[in-house]
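Residues per chain are reported as follows:
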Amino acid sequence: WPYDMNLDVLGLWFLSWYDVSIGPNLPMFNHVRKQGTGGMAEQQWAVIAPTLHCAYTRSAEDTVVGERSMGDARYAYAELVDAFFDRFVRGDATNPKLDAQAKVTYFTMGSNKWQTSDTWPPRGAQPLTFYLSSAGRANTMSGDGVLQSTPSATDSPDKFTYDPMNPVTSYGGNVCCTGTAVTGGSVDQRKMETRDDILVYTTQPFTEGMEISRPITPTLYVSSDVKDTDFTVKLIDVYPDGRAFNLDESIQRMRYRDGYDKPLVWMETGRIYKVTLQPLTTSNYFAPGHRLRIEVSSSNFPRFDRNLNTGGNNYDEVKGVVAHNAVHHSRQ
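Residues numbered from 1 in each chain as written. Predicted model: local features only at pLDDT ≥ 70, side-chain atom pairs only at ≥ 80, totals over all residues. Heavy atoms only, no water.

Engineer: I tried to follow helix 2 (residues 77-88) on my own but got confused; where do I start?
Structural biologist: Side chains three or four residues apart in an α-helix point the same way, a direct result of the helix having 3.6 residues per turn. Spanning 12 residues, helix 2 covers 17 Å between terminal C-alpha atoms, matching the ideal 16 Å at 1.5 Å per step. Here helix 2 has its buried residues at Tyr77, Leu80, Ala83, Phe84 and Asp86. Tucked into the core, helix 2 has its buried residues touching strand 1 (11-18), strand 2 (44-52), helix 3 (97-100) and strand 6 (113-117). (Helix = DSSP H or I, 4+ residues; strand = E, 2+ residues; numbered from the N terminus. Expected span 1.5 Å × (residues − 1). Buried < 20%, exposed > 50% of the residue type's maximum accessible area, 1.4 Å probe, protein only. Contact = heavy atoms within 4.5 Å.)

Engineer: Looking at this model, I keep getting lost on the state of the cysteines. Mind explaining?
Structural biologist: Covalent bonding between the sulfur atoms of two cysteines is what defines a disulfide. Summed over the entire model, instances satisfying the criterion amount to one disulfide. Between the sulfur atoms of Cys176 and its disulfide partner Cys177 the distance amounts to 2.2 Å. Assessed through its relative accessible area of 71%, Cys177 is described here as exposed. Cys54 carries a free sulfur, and the closest cysteine sulfur to it, the one in Cys176, is 6.9 Å from it. According to the relative accessible area criterion, Cys54 is partly exposed, its value standing at 42%. (Disulfide = S-S within 2.5 Å.)

Engineer: I keep staring at the pattern of salt bridges and nothing clicks. Help me out?
Structural biologist: Between side chains of opposite charge, a pair can form as their charged atoms come close. For the structure shown, the criterion picks out 15 salt bridges. For Asp86, the salt bridge is made with Arg90, and the minimal N-O distance between the two is 3.1 Å. Residue Arg90 is classed as exposed on the basis of its relative accessible area, which comes to 59%. The partner of Asp188 in a salt bridge is Arg190, with the nearest N and O atoms 2.7 Å apart. (Salt bridge = Lys/Arg side-chain N within 4 Å of Asp/Glu carboxyl O.)

Engineer: I would appreciate a short explanation of the sheet that holds strand 5 (residues 104-108) in the present structure.
Structural biologist: The strands making up a sheet associate through hydrogen bonds between their backbones, and the pairing can be parallel or antiparallel. With mixed pairing, the four strands of this open sheet are ordered in space as 1-2-5-6. The sheet terminates laterally at strand 1 and strand 6, the two strands that pair on one side only. Recorded for the sheet is a direction-independent mean angle of 25 degrees between the axes of neighbouring strands. Relative to strand 6, strand 5 runs antiparallel, the two being bridged by five bridges. Of the residues in strand 6, the one forming a bridge with Thr108 is Lys113. (Pairing = 2+ DSSP bridges. Axes fitted to C-alpha atoms, helices over the stretch in contact; angles between N-to-C directions.)

Engineer: Help me out: how do you make sense of a nonpolar patch on the surface in this one?
Structural biologist: A cluster of nonpolar residues, Trp1, Tyr3 and Met5, forms a patch on the protein surface that exposes about 370 Å² of accessible area. For Tyr3, a relative accessible area of 64% translates into the label exposed. (Patch = residues over 30% accessible without salt bridge, like charges linked within 9 Å, V, L, I, M, F, W, Y side chains within 5 Å. Areas by Shrake-Rupley, 256 points an atom, 1.4 Å probe, with all protein chains shown as cover.)

Engineer: What is the right way to read helix 1 (residues 22-35) from this model?
Structural biologist: Relative to the 20 Å expected for 14 residues at 1.5 Å per residue, helix 1 spans 20 Å between its end C-alpha atoms, a close match to the ideal helical length. Those residues of helix 1 that sit buried are Ile22, Leu26, Phe29, His31 and Val32. Check the buried side of helix 1 and you find it contacts strand 1, strand 2, strand 5 and strand 16 (280-286).

Engineer: Could you clarify how one ought to interpret the environment of Asn30 in this entry?
Structural biologist: Mapped onto the elements, Asn30 comes out in helix 1. Of the residues examined, Asn30 reaches a relative accessible area of 29% and is grouped as partly exposed. Residues Asn30 and Pro121 lie 91 residues apart in sequence; the distance between their C-alpha atoms is 9.6 Å.

Engineer: Whenever I open this one, the environment of Pro167 confuses me. Can you help?
Structural biologist: As for its placement among the helices and strands, Pro167 is situated in the loop between strand 9 (158-162) and strand 10 (199-202). For Pro167, a relative accessible area of 10% gives the class buried. For the pair formed by Pro167 and Val222, sequence separation is 55 residues and the distance between their alpha carbons is 19 Å. Dropping the residues within four chain positions of it, Pro167 is found in contact with Arg195, Ser299, Phe301 and Arg306.

Engineer: Just to check I follow, could you spell out the pairing of strand 2 for this structure?
Structural biologist: Look at any regular strand and the pattern is simple: side chains alternate between the two faces of the sheet. Most of strand 2 sits out of view: eight of its nine residues are buried. Relative to strand 2, strand 1 runs parallel, the two being bridged by seven bridges. Looking at the pairing, Leu15 lines up with Ile48 of strand 2. Since strand 1 and strand 2 lie parallel, the crossover through helix 1 that links them has a hand, and here it is right-handed. (Right-handed = clockwise from strand over helix to strand, strands pointing away.)

Shown next, in the form of structure tokens:
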């Protein structure tokens with residue numbers, strides 16, 4: 001759908017934080033509320049559950065998604081559907097539930113509670129920027145990568161080798177329709193963070209609780225010795241005991257960094273490129289003692305197709321090229 005398209009469709013949106021489509025669905029929900037015609041802009045309601053694709057009705061008194069308990073995530077979906085169809089199919093507006101329904105009802109993980117808002121993101125959410133920093137060795141969770149509130153004082157890029165024949169394997173995440181190839185949801189990422197081709201950046205423990213309920217835009221400054229490669233980002237909640245639960249993930253193929261409707265752009269060895277990935281999105285409460293973590297790598301396979309780094313089609317190639325990639329951070 002193009003952004004200037006006017007939509008005249010009623011909308012009862014059931015979304016999930018661990019669904020493959022949560023990223024584009026929330027902007028589309030906002031688009032319909034802005035561009036909807038014939039009164040349809042006001043006839044939109046969204047409910048966002050902490051579950052996998054289409055699994056919201058399987059919520060229980062203790063809803064476990066992957067390995068993380070979300071507490072009691074049950075919701076009266078059937079009653080809401082009944083009210084929606086009573087009004088718009090039967091023409092009976094006497095069911096009061098839809099009148100009382102917030103435009104956005106979302107589950108905040110960590111605090112494990114349902115919240116409501118008339119907008120997404122919720123009003124009052126303020127942007128906050130974290131900067132990558134290290135002494136040049138952010139590789140693995142035992143490295144020196146940190147997330148901090150000020151730009152890095154050092155110019156020590158973090159380097160790693162991406163071999164498409166040995167990609168970072170998908171571990172949890174936002175999935176749909178992958179059969180047994182990927183087990184989705186929120187799982188402890190420490191198993192993956194022992195790999196040298198994963199850069200790990202973590203804040204200090206929060207002294208006060210912090211809720212993140214809004215889109216998150218990752219911007220990287222990167223270089224490579226191949227003409228095309230990928231960069232991945234994963235957002236994580238780190239518990240005081242060290243468990244590291246994934247919240248959302250994104251990827252960017254560098255040839256498309258100017259846009260998927262623009263001419264392809266290749267990388268040159270020695271040049272640093274600014275790349276902004278598609279936004280992550282979540283609602284998560286980081287309790288005191290928790291930390292926010294970002295992982296950066298170049299593969300998340302088979303959740304995302306691996307880049308063979310040749311600049312070719314990928315789909316009809318059988319040989320890959322090893323890429324030596326770097327993430328740069330400095331005051332510049």
